[in-house]
Amino acid sequence: MLFPVPDRVRDVRDAVHAFMTERVEPAEPALNAGDREKLLKLRQEAKDEGLWALGHPAELGGGGMPFLDYVYINEVQGRSEWGQLALGTFTLQDSLMLHKYASPRWRDRYLAPMVAGEVSPSFAMTEPAYAGSDPTQLQTKAVLDGDHWVISGRKWFTTGAGEAAYTTVMCRTEPEGASPHRSFSMIIVPTDTPGYEIVRETPVLGLNGGHYEVAYNDVRVPADNLLGPRGHGFVIAQERLGPGRIFHCMRWLGQAQRAFELMCARLGSRVAFGEPLSAKQLMQQHVFDSYTEIQAARMLTLQAAEQIDAGDQARIEIGAIKVVGARMLHNVIDRAIQTHGAAGLTDDTPLSRMYRHAREARIYDGPDEVHIQSTAKRILKQFG
């Protein structure tokens, strides 16, 4: 890495990098095939070596690593899609959300087991019939009936619902005429609640990535299942998504760096027309473009992380890196596939799977078009 890693995180970052390259990446074929025992073994090894749940608060049983320090760890953890699950950080956004907003009953029930990897959460926001880019259109409703919320509607892309102990559901709770951004609330729904029905798992680009469509058929939960103040669903969602997008971008950098390394190794080892591919000028162009895009995205992401760490919402910077990072990831993996030729299209390398996941990045947590428009508007406001 040609950028300064703070001394305070260098050792643990190196340890996570070694764990990823020496254990998680070689285990990917088994993990992709659904080998649960292999995943459990990796988790236990991470716990034994003090690498488990590094970003979770220490009072919850996590590593207590400060936000900005954890950003550096997140990049090397992101080299594999299994990094978060193997190292116990997949639940970080949910644990922070529960820790800050949930009632004592739900904190006691879920937080410690979640950080320990004993239970899994899920989060439901988007719906199949309405544009996910405009969440004010969400129609799933929760009506207060005595001391219970009654929830009806349908959500999809609820990641991990099949194994989750609960789902945090974004619902319309306020009457017509209320401010659109004060009309929604977050409600905790245990997945064994009557009326909670998993309709289907939704494959994404041929991958069964654990995304589910779920129907809420008059689901009744106690009133204290409300997460945070009533009508503050968007506020809580923004607190979740802002840092979450930085984590995404850092993991994308890890994926891109891995693809870059595979590309450079291929160029040095493959011979065509009497010389290594690395001697071909068009191949050198791939190296140059990938290097500069990775470095630019890394600097933009670290800048956004520093502003978040200082208490700034950094909306311009986060909007920018969401778009730039997703494009960079796609471009670098695409070039790595090109340098591998037909082999890059097969599952003989991780690139095929990485490429499909990279395409998702330009849609989830807000499509590029929405971030481009909102970021440009915020910049233009500074000029009157």
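Just so we're clear, the structure is a prediction, and the values are computed from it rather than from any experiment.

Trainee: What exactly am I supposed to notice about the overall build of the protein here?
Mentor: Helices and strands together make up the secondary structure of the protein, namely 12 helices and 10 strands. For 384 residues, the compact-globule estimate of 2.2 N^0.38 gives 21 Å, and the C-alpha radius of gyration of the protein, at 22 Å, lies within 12% of that figure. Across the 384 residues that make up the protein, the buried fraction comes to 49%. Long-range pairs, those at least 24 residues apart, make up 72% of the contacts in the protein with a sequence separation of at least 6. When the accessible area of the protein is evaluated, it comes to approximately 17500 Å², of which 54% is carbon and sulfur surface. Distance between charge centroids for the protein: 4 Å, based on 41 positive and 47 negative side chains.

Trainee: Where do I start with the side chain of Glu 25 in this structure?
Mentor: The residue Glu 25 is located in the loop between α1 (7–24) and α2 (28–32) in this model. The contact partners of Glu 25, leaving out residues within four places of it in the chain, are Met 20, Arg 79, Ser 80 and Arg 258.

Trainee: Looking at this structure, how should I read the environment of Val 143?
Mentor: Positionally, Val 143 belongs in strand β2 (residues 141–145). As a C-alpha pair, Val 143 and Gly 160 span 17 residues in sequence and 26 Å in three-dimensional space. Filtering out sequence-adjacent residues up to four positions away, Val 143 remains in contact with His 148, Trp 149 and Val 150.

Trainee: Would you mind showing me how to read the UniProt feature "domain: Acyl-CoA oxidase/dehydrogenase middle" (unreviewed entry) in the protein here?
Mentor: Following the UniProt record, the feature "domain: Acyl-CoA oxidase/dehydrogenase middle" (unreviewed entry) maps to residues 122–219 here. Secondary structure content for residues 122–219 is 0% helix and 50% strand, while the C-alpha to C-alpha distance between its ends is 16 Å.

Trainee: I tried to follow the pattern of salt bridges on my own but got confused; where do I start?
Mentor: Side chains that differ in sign of charge can pair as their charged atoms come close. Scanning the entire structure with this criterion turns up 23 salt bridges. With a closest N to O distance of 2.7 Å, Arg 105 and Asp 224 form a salt bridge. Pair noted here: Arg 105 is in helix α7 (residues 104–115) and Asp 224 is in the loop between β7 (211–222) and β8 (226–227), with a separation of 119 residues, a long-range link. On the basis of relative accessibility, which here comes to 37%, the residue Arg 105 falls in the partly exposed class. Among the salt bridges present, the one from Lys 155 reaches Glu 127, with a minimum N-O distance of 3.0 Å. Taken together, the positions of Lys 155 in strand β3 (residues 148–159) and Glu 127 in the loop between β1 (121–124) and β2 put the pair 28 residues apart, joining distant regions of the chain. Taken as a pair, Lys 155 and Glu 127 share a single burial class, namely buried. Salt bridges linked by common partners bring Glu 25, Glu 28, Arg 79, Arg 258 and Glu 261 together as one network.

Quick notes on the rules
- Residues numbered from 1 in each chain as written.
- Predicted model: local features only at pLDDT ≥ 70, side-chain atom pairs only at ≥ 80, totals over all residues.
- Heavy atoms only, no water.
- Helix = DSSP H or I, 4+ residues; strand = E, 2+ residues; numbered from the N terminus.
- Rg over C-alpha atoms; globule rule 2.2 N^0.38 Å.
- Buried < 20%, exposed > 50% of the residue type's maximum accessible area, 1.4 Å probe, protein only.
- Contact = heavy atoms within 4.5 Å.
- Areas by Shrake-Rupley, 256 points an atom, 1.4 Å probe, with all protein chains shown as cover.
- Lys, Arg positive; Asp, Glu negative; His and termini not counted.
- Charge placed at Lys NZ, Arg CZ, Asp CG, Glu CD.
- UniProt positions renumbered as here; feature names shortened; annotations may be inferred.
- Salt bridge = Lys/Arg side-chain N within 4 Å of Asp/Glu carboxyl O.

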